Structures are given as C-alpha cells and as structure tokens.
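# Summary of the model geometry
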Amino acid sequence: MTCHTRTLTCFFLCCFLSTLAPLATSKTALRAPPSPGYGSRVITASLEEEEYASFRAENPEWTFNHLAVDYRNGNVYLGAVNRIYKLSPGLEVQVSHETGPDEDNRKCYPPRIVQPCGEPLTLTNNVNKMLLMDYRENRLLACGSLYQGICKLLRLDDLFKLGEPFHKKEHYLSGVNESGSVFGVIVSYGNASPDMLFVATAVDGKPEYFPTISSRKLARNSEEDGMFAYVFHDEFVASMIKIPSDTFTVIPDFDIYYIYGFASGSFVYFLTLQPEMGGGPTAGSSSAGREQVYTSKIVRLCKADTAFNSYVEVPVGCVSGNVEYRLLEAAYLSKAGANLARSLDVAPDDDVLFAVFSKGQKRRPRQESQESALCVFSLRNINERIKDRLQSCYKGEGTLDLAWLKVKDIPCSSALLTIDDDFCGLDMNAPLGVSEMVRGKPLFSDASDKMTSVVAYVYKNHSLVFVGTKSGRVKKVSCGIAAARRGGNAAPPLHLPTVGDVIGAGRNEAS
Ligand SMILES: *[C@@H]1O[C@H](CO)[C@@H](O)[C@H](O)[C@H]1NC(C)=O
Ligand SMILES: *[C@@H]1O[C@H](CO)[C@@H](O)[C@H](O)[C@H]1NC(C)=O
C-alpha cells in the first residue's frame, strides 16, 4: 500500500484534532484529548486562506479540555476548567456557563452537596471530563470533576441548565480530575425508546464506588429521576463491570484508561490502555522497582446486552520494521474508502479504525520515546477474531484469560450452540479475554516527533488521515493513492477549519 505524508507546519496542539472530522464527514463522533492532564489555552479556526480567528479564556488557568462541534451549524462547544463555552463557527463567544470553582474535597463521598463532609474543604477547580452532543434532545452533556464527577445537561441554544442530577450514587461518574479519563458513547434504539449512554472511566483506586464501564439510561426529560440509572440492576446482575478490589492488592495503582470509544453495527467499542497483571503473585517489595508494562486493548459489548455478558477484550498493537508499537495514544473510526478497502480486503463502506501507538509497552514520563506509528485495523477482522475465540471457548478450549478481572484461570466451559456474528454472550464464559494480539497494518511511522492524535475521512475513494504530533504539527497521510497520481489534483487541499494552539508546544509547557 502506498501512503504519502505531508507535514503542515502550522503549530497546532492536537488534543482536539479529532473533533474536526465531523465537519468534513457529517458524522457525530466526538472524542477526548488523547492524554490526561494536558490543556490548551487557545483555539484557532482558519476562516479563509491565511486568516485565523482565535479564542482564549479570560483566565489562562482555565485550560481547554474538550471540544464538540455541532455538525448542523458549525457551532463550537468548549469544555474548559470551570467553564463551558458556546462559540460561533468564527469563534466568537455566544454564551459561557460557569461550572466552578467551588468548595470540595475529593475524599468527600458522597459529595458535600448531598451530605455534610468531615474533610477540609478547599476551593477546587472543576475540570471538564466529558462533553457529548445529544442531538436528539438538543442538549449538551457536560461532566466535570467536582463532587465525584457529576454531570450537567445544558440546552444547546443558550447553555441553559436543563438538569444536574447529583443525589444518587449513579450520578457520580468518578472523582478523577484528569480530563482524558472518561469516555462516553450515546447509543440510540430508534424513536420508541430512550437513548443509552455507555460510560467508561478510570476509577482512581475506588472500584467500590465507580464501575469502570457501565450503560446508563439517558432520559429524554433532563430532570427525570432515573437519569443515568444503570440500564439494568438487580441483586445479581447489572449493566456494569467493576474492577475487583483484589486487583489493587497486586497492582496498587491499577486503572483502566479509556482513550476512545464508538458504536458500530450492533456493538459498542472502547479502546483502553491498562497495566499488565504479570505472571503470578509478584506483589511486594520487588515489584516497586520494576517498570510497569502496559497493554492496549479493544473492548467490545453488544449495544443491547443489559447484563454485560457480551464483554470481550482483545489486545491490539502494531509491528513495523521489527519494532513493536503497543502503547495506544489515539484512535479514530472511519470508512475504508475504495482504495484502502482493496488493500485491506474489505468493502469501501466497512468501518476501519486508525490508531496511533508509541513504541514498546512501558510509559516513561521522563525519557519518553518519540517513536510512534500510525496503523489501521479492519473492524471486520477484529470481529472475526472475537468470534473465533468465542467459538473455541464454547468448545471448552482455554481459559477466560482476563487477569485484572480475576478470571484468568477459569476454564472455558463447553456448550452446544451456534455462535454467529451477533452473539451476545451467556452467563457462562463471560467476560472473556482474548490472549493473542490483533495487529494493525502499519501506514506510517516516525521516530522524531511523537504522534498524539488522529482523524480521518474519505475523499474521492482515498483515505485521508491527519495526525497531530506532540510538538504541535499536523501531518496529512494519504493512503492508497497511486504513485502516478501523486501531486496534481490527487491530494485535496486542507479545507477543514483547524483548531489548535497558537502557542505551539502546549504539551511541553505543561510538564
Ligand atoms: C487534580 O488534583 C490534584 C490532587 O488533588 C491537584 O494537585 C491538581 O492540581 C488537580 N488538577 C487540576 C487541574 O485542578
Ligand atoms: C471510486 O471507486 C469506484 C469503484 O472502484 C469507482 O467506480 C469510482 O469511479 C471511483 N471514484 C473516483 C472519484 O475515483
């Protein structure tokens, strides 16, 4: 396959890159910044050639965490520390909505707005952790870090607060105050029933309070009592997965970081980065000096599965030129397009997943490697691998193999049944882990400037991928363009409004 790369030296911070593709493709996928803890202070939009509008918050400490663009009119919603903004397509402020700071303490559970709290309260910032467009109800779902992670429902027109449920356990998503820790996917079942919200979150050592992944009722009435209630919950079964507290005895700072999520066909998927559990009881003094190894995984659930028996997770990664890239930085769902489809052996309309990984399996904040690779996965291929494993497990082969869920060594049980593409699990052999890694097809790798974000769309049969780098550059990678057509009119101009950080290396400034 041929891929061409062009670097645009426009110094953009790339946290928000993926929010732009909805404008190009009229799709509604939105995503979080790829890494927690890095905020941008300025966003810019290129209006016409060489002309930019920009927006800065009135307080430089209110860094920007998430961005959502209404594909119907180009309005921009910005989730920042302590504020939610609505901006015009030209980035003029239309409304701002205050979310903080307020007196709080992360140890107050339940939060002090529900029950008096004995912990010392301090003025605490409200970091925006999730910003989702709810097109059906014309509202914005904005979840923050204050009060154990409660959410507001704001009217798209004027950010009027339609609801803010906070009096029940399920209203607290998690107390983490890092902006890239939560990912949500809204799933529709047609007009007859209300939508559902799949929420996946880091739990910051509190697995007893917060499920790492769950499905919630997204009531049409923003003030309804059952807003965010678990889709199903009885004494034994619930639409959630909790990390067992035993897992934290083995790895005290265990957590699952959710990098991306989307719905496709009858499934919901999340892409995660999680510490590897290692091969046995290695806890204790010796583990302290050892470097933690991480694995990237794709998690799949059936949209309609209220008991979460369909949970399957599969390691994903990429190998290019004998180098393993296994630390997921960012991902984006797109269509294959005719040209890429041919080399992946899928249909042009099939979903493909573009993913950026950095080298190895160890995260070293200090001497971090700059080496990264852009890879593509066919979702059909991932689904086939999951089906194969479900079929072999239901023949009694192997174990459930999910170390962090404490079901690693439980043998699969055999049962006589037909497992087709849409199988959603039974209360046996679930949840299931697949041990063998699914490898993406490498498209492009770079050793000097780490890629940290990605978006893609199809233009005249070509897949166009834009990656953002750590130093604030945008690279355009066009795949499947025949060499003869290179240049000329084969590469379309960049018509997207671009959003980024005019300061440039925003991420470096943060450290
Ligand atoms: C998040 O919480 C930690 C510890 O409580 C604090 O040091 C940090 O400043 C907080 N981050 C933000 C963005 O408020
Ligand atoms: C896209 O691919 C299809 C099928 O291969 C072909 O019929 C069509 O002409 C192509 N369109 C363009 C703009 O190249």
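Residues numbered from 1 in each chain as written. Chains lettered and ligands numbered in written order. Predicted model: local features only at pLDDT ≥ 70, side-chain atom pairs only at ≥ 80, totals over all residues.

- An unreviewed UniProt entry lists the protein chain under the name Plexin A4, with Hippocampus comes as the source organism.

## Let's talk about the overall build of the protein chain
- When helices and strands are tallied, the protein chain shows six helices and 29 strands.
- The proportion of buried residues among the 511 residues of the protein chain is 48%. (Helix = DSSP H or I, 4+ residues; strand = E, 2+ residues; numbered from the N terminus. Buried ≥ 20, exposed ≤ 12 C-beta atoms within 10 Å, placed from the backbone.)

## A closer look at the sheet that holds strand β15 (residues 195-201)
- Read across the sheet, four strands follow the order β14-β15-β16-β17 without closing on themselves; strand pairing throughout is antiparallel. Two strands in the sheet have a free side with no partner beyond their single neighbour: β14 (182-187) and β17 (240-241).
- Relative to β15, β14 runs antiparallel, the two sharing six bridges. Bridged to valine 182 within β15 is threonine 201. (Pairing = 2+ DSSP bridges.)

## Topic: the nonpolar core
- In this structure, Ala331, Phe354, Leu374, Val454 and Val465 are the most contacted members of the largest nonpolar core, which totals 128 residues.
- If you tally residues by element for this core, the top one is strand β22 (residues 323-335), at seven residues.
- If we skip the residues at most four places from it in the chain, alanine 331 touches Ile259, Tyr260, Leu271, Leu353, Phe354, Ala355 and Val454. (Core = buried A, V, L, I, M, F, W, Y, C linked by C-beta atoms within 7 Å. Contact = placed C-beta atoms within 7 Å.)

## Focus: the site of ligand 1
- Residues in contact with ligand 1, as listed here, are Arg106, Asn125, Val127 and Asn177.
- Split into classes, the residues belonging to the shell around ligand 1 amount to one nonpolar, two polar and one charged. (Near = placed C-beta within 6 Å. Nonpolar A, V, L, I, M, F, W, Y, C, P; charged D, E, K, R; others polar.)

## Some details on helix α5 (residues 379-393)
- Its 15 residues give α5 an end-to-end C-alpha distance of 21 Å, which sits within 8% of 21 Å, the value for a rise of 1.5 Å per residue.
- Those residues of α5 that sit buried are Leu379, Ile382, Asn383, Ile386, Arg389, Leu390 and Cys393. Burial along α5 is one-sided: seen end-on, the buried residues are contained in an arc of 125°. (Expected span 1.5 Å × (residues − 1). Arc of directions from axis to C-beta.)

## Overview of unusual backbone geometry
- With an omega of 0°, the peptide bond running from glycine 100 to proline 101 counts as cis.
- The topology assignment puts proline 101 in the loop between β7 (93-98) and β8 (102-104).
- Despite not being glycine, asparagine 322 shows a phi value in the positive range, around 65°.
- Relative to the assigned elements, asparagine 322 resides in the loop between β21 (312-320) and β22.
- According to the C-beta neighbour criterion, asparagine 322 is exposed, with 5 such atoms within 10 Å.
- In this model, aspartate 401 sits at a positive phi of 60°, which is unusual for a non-glycine residue.

## Regarding the environment of asparagine 138
- Mapped onto the elements, asparagine 138 comes out in the loop between β10 (130-134) and β11 (139-143).
- Of the residues examined, asparagine 138 has 12 C-beta atoms within 10 Å and is grouped as exposed.
- Measuring from C-alpha to C-alpha, the distance between asparagine 138 and leucine 156 comes to 5.7 Å, with 18 residues separating the pair along the chain.
- Apart from residues lying up to four places away in sequence, asparagine 138 is in contact with Arg155 and Leu156.

## As for the pairing of β22
- Counting buried residues in β22 gives 11 out of 13 residues, a clear majority hidden from the surface.
- In terms of strand pairing, β21 meets β22 through three bridges, oriented antiparallel. Residue pairing for β22: valine 319 is matched across the bridge by glutamate 324.
- Two successive antiparallel strands, β21 and β22, enclose a turn made up of two residues, where glycine 321 displays a positive phi of approximately 55°.
- Strand direction decides the pairing type here: β22 and strand β23 (residues 351-359), joined by eight bridges, are antiparallel. The residue bridging tyrosine 332 from the neighbouring strand is phenylalanine 354, located in β23.

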